[in-house]
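Structural features, examined
Each chain, letter by letter, is given below.
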Amino acid sequence: MTTPRTDRSPWNWLLLLPIAIPLIPALFNAVEPRLFGIPLFYWLQLSFVLVSVAATLVVYHMTRRAR
Amino acid sequence: MTTEIVIFTVLFLIVSGMGFVASRWRRPDDIASLHEWGLGGRNFGSWITWFLVGGDLYTAYTFVAVPALLFGAGATGFFAVPYTVIVYPLVMIVLIRLWSVSHVHGLVTPADFVRARFGSPTLALLVAITGIVATMPYIALQLVGIEAVLKTMGVTGDLPLIIAFAILAAYTYQSGLRAPALIAFVKDALIYVVILVAVIYIPTQLGGWGSIFDAAQAKFDKTPAATDGILLNANNQLQYVTLALGSALALFLYPHSVTGVLASKNRDVIKRNMSALPAYSVLLGLIALLGYMAIAAGVTPIGTDVNTVVPQLFDKMFPDWFAGVAFAAVGIGALVPAAIMSIAAANLFTRNIYREYIKRDATDAQQASASKIASLVVKVGAVLFILLIDPQFSIDLQLIGGVIILQTLPSVALGLFTRWFHRAGLIAGWIAGMGAGVLMLYNIANPATNHAHFGSSAFALSKLGLDTKMTIYAGFLALAVNLIVALLGTVIAKSAKVADGPDATRTDDYTADQGDPRVHDLEVSSST
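Report on the accompanying structure. Sequence order as written defines residue numbering, which begins from 1 separately in each chain. Each chain is given a letter, starting from A, and each ligand a number, starting from 1, according to the order in which they appear as written. Residues qualify for local features only when their pLDDT is at least 70, as the model is predicted, and side-chain atom pairs are given and counted only at 80 or more; totals for whole chains, interfaces and linings, by contrast, use all residues. No hydrogens and no water enter the side-chain calculation; it runs on all heavy atoms of the structure.

1. Considering the overall build of chain A
- For chain A, the count of helices and strands is 2 helices and 0 strands.
- Relative accessibility thresholds used throughout: buried, under 20% of the residue-type maximum; exposed, over 50%; partly exposed, between the two (1.4 Å probe, protein chains only). Looking at chain A as a whole, 42% of its 67 residues qualify as buried.
- Contacts in chain A between residues far apart in sequence, at least 24 positions, make up 49% of those at least 6 positions apart.
- Here chain A displays about 4200 Å² of accessible surface, and carbon together with sulfur accounts for 72% of that area. Only DSSP runs of H or I with at least four residues qualify as helices, and only runs of E with at least two residues qualify as strands; both kinds are numbered from the N terminus onward. Whether two residues are in contact is decided by their heavy atoms: any pair within 4.5 Å suffices. Per-residue accessibility takes into account occlusion by the displayed protein chains alone, with areas from the Shrake-Rupley method and a 1.4 Å probe.

Below, the structure is given as structure tokens:
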């Protein structure tokens with residue numbers, strides 16, 4: 001057996017970003033600026049999906065095990 | 001109307017046929033084991049897992065209830081979006097560890113894990129019962145989704161609902177987890193098409209997005225309630241945030257979510273899905289906005305059933321044939337989660353009650369057949385629930401379900417990272433959190449629906465003597481109580497040298513992966 005495996009990685013801290021951002025209403029609780037007539041509250045929260053996808057993708061690639 | 005009913009029925013029957021054929025899909029050698037019937041052979045790759053878990057988490061009820069929330073109260077209903085954004089980064093590492101330890105020890109349910117980790121059949125029983133109780137009303141609510149569609153098509157009476165569920169029960173019995181996995185493809189394809197058409201076509205008919213939001217704002221300005229509006233106010237922001245976070249923490253504690261995850265073939269499949277599943281969150285956000293479109297289109301719910309606003313909107317805006325497709329999407333959307341939930345509840349019964357307390361030496365075939373029967377019982381129970389008792393009761397119960405399933409977090413989720421907690425502390429914490437949660441919910445009234453108790457999950461902090469109008473998610477407070485008691489209980493139990501249960505797991509069990517000698521793939525183990 002080689003060195004013991006672990007799920008620890010500094011990259012995991014990146015996952016805190018998409019968890020924390022959507023939980024700060026001060027960032028998105030406003031009507032202006034609108035996007036295609038949609039208030040900020042709605043389009044910005046939807047776009048947080050991209051932050052989540054980016055963070056999980058980076059962590060996945062950086063913590064992949066060589067086989 | 002007739003066109004809608006014909007298209008709905010045809011699509012429904014095609015999908016039911018697929019459910020029966022599914023037992024031959026990916027040819028199991030022998031379906032008479034829980035790993036085959038209940039977990040589909042534990043061999044699902046990225047795509048199937050994506051459809052299965054997506055079809056499982058984003059249910060028909062969600063699709064009618066979330067827009068109904070926005071229709072009624074505005075911005076607070078949009079919590080579903082941050083909730084489903086934060087959930088994946090939150091659970092990524094938790095789930096891969098659960099996958100590993102489950103595959104090393106042949107675990108099927110969250111309660112199985114607790115049994116192995118803390119060596120306490122009592123704690124495992126509590127976790128299993130919590131899971132079953134939280135899941136039952138969830139299944140019943142899927143029927144509420146079908147019912148809303150049937151009502152809009154003018155179909156009345158209980159018979160259609162009973163037939164739909166009888167078909168569902170029959171093919172789940174026959175095919176197990178393979179049936180919803182296969183049907184999920186059709187369900188999702190239909191839903192994606194319907195929603196994309198809806199969010200592109202309907203706004204053009206209503207004068208654009210700007211006027212849709214203006215109409216919603218105008219409606220909320222006219223109501224006396226201070227909590228509605230297209231933005232949050234100072235008093236409901238804390239509720240919004242804690243509800244999103246609390247719901248995210250709860251989601252993967254539900255046994256049916258775990259079922260979908262354990263059916264995947266390795267850790268990478270789960271990790272990749274954490275990046276792919278948010279596609280459904282975008283869809284959910286768009287669906288939520290249907291509630292505002294319904295306001296702008298002047299849709300009124302049938303009777304007092306606010307869940308009918310989305311079907312009513314489709315009926316009003318779409319040509320008959322496409323409305324039929326849309327209704328079928330919702331109806332079939334109810335079948336996938338209902339099937340997975342009943343399988344998950346049945347697995348809990350078999351593994352943690354039947355095998356633990358009734359028949360200790362049950363063979364694999366006996367376990368599979370106990371599960372099949374239990375899944376039938378669960379579904380019959382759900383139908384009776386809806387038919388005999390006011391559906392509002394199921395909605396109340398589902399609200400409670402979210403709060404009580406959170407109380408398994410210390411043993412299941414924290415247990416995956418640390419063995420520090422003492423089983424006595426965890427049991428005490430569970431009792432305290434459960435009591436606090438139910439007590440808080442009982443004391444929340446909802447004047448709008450004339451409910452004295454279980455009115456919503458927003459608990460007023462003023463009830464604790466704080467001088468504020470702010471509200472907080474009751475489940476969040478209950479979890480805090482649970483954690484504090486579990487912490488204190490553990491310290492006390494350890495200093496009093498109370499006997500702790502044996503831990504059947506090893507540190508490296510939590511990082512094992514497909515191909516490791518200790519990870520049994522399809523082998524049916526009778527360990528633990």
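2. Some details on the layout of surface pockets
- As a volume, the second largest pocket reaches approximately 590 Å³.
- Cavities and pockets were defined on a 1 Å grid built from protein atoms only: a cavity is a group of points that admits a 1.4 Å probe but offers it no way out, a pocket is an open group of points flanked by protein on both sides within 12 Å along at least five of seven lines, and a lining residue is one with an atom within 4 Å of any such point. Lining the second largest pocket are 20 residues, with Asp7(A), Arg8(A), Asn12(A), Ile93(B) and Phe417(B) positioned closest to its centre.
- Elements that contribute at least two residues to the lining of the second largest pocket include exactly α1 (16-20) of chain A together with α5 (80-105) of chain B.
- Top element by residues in the lining of the second largest pocket is α5(B). It accounts for 5 residues. Grid points are joined across faces, edges and corners, and a volume is the space filled by probe spheres set on the points.

3. Looking at the interface of chain A and chain B
- Taken together, the contacts link 35 residues of chain A with 45 residues of chain B.
- Accessible-area loss on putting two parts together, using a 1.4 Å probe and summing over both, is the definition of buried area adopted here. For the pairing of chain A and chain B, the buried interface totals around 3400 Å² over both sides, and the portion due to carbon and sulfur atoms is 66%.
- When residues of chain A are sorted by the area they lose upon contact with chain B, Asp7(A), Tyr42(A) and Tyr60(A) head the list and together hold 19% of the total.
- The term salt bridge refers to a side-chain nitrogen of Lys or Arg lying within 4 Å of a carboxyl oxygen of Asp or Glu. Where chain A meets chain B, there are 4 salt bridges.
- Between Arg34(A) and Asp214(B) there is a salt bridge, with the nearest N and O atoms lying 3.5 Å from each other.
- Under the rule applied, a polar contact is a pair of N or O atoms within 3.5 Å (in protein, one hydrogen donor and one hydrogen acceptor; residues adjacent in sequence only if both atoms are side-chain atoms). Taken together, chain A and chain B are joined by 12 residue pairs in polar contact (both at pLDDT 80 or more).

4. Focus on unusual backbone geometry
- Omega for the bond connecting Glu32(A) with Pro33(A) falls within 30 degrees of zero, at -5 degrees, which places this linkage in the cis form.
- You can see Pro33(A) is positioned in the loop between α1 and α2 (40-62).
- Even without glycine at this site, Phe36(A) takes up a positive phi of about 50 degrees.
- For Phe36(A), a relative accessible area of 69% translates into the label exposed.
- One non-glycine residue with positive phi stands out, namely Lys497(B), at about 55 degrees.
- Its place among the elements puts Lys497(B) in the segment after α21 (474-495).

5. Some details on the packing of helix α3 (residues 46-57) of chain B against helix α9 (residues 178-205) of chain B
All names here are of chain B.
- Between α3 and α9, the shortest axis-to-axis distance is 8 Å and the interhelical angle comes to 75 degrees. Put simply, α3 runs roughly perpendicular to α9. Only Pro180, Ala181, Ala184, Phe185, Lys187, Asp188 and Tyr192 of α9 make contact with α3, whose side of the interface consists of Ile48, Trp50, Phe51, Leu52, Gly54 and Gly55. The angle between two axes is taken between their N-to-C directions and runs from 0 to 180 degrees, where each axis is a line fitted to C-alpha atoms and a helix contributes only its stretch in contact. Note that the term roughly parallel is reserved for angles under 35 degrees, roughly antiparallel for angles over 145, roughly perpendicular for angles of 65 to 115, and oblique for everything else.

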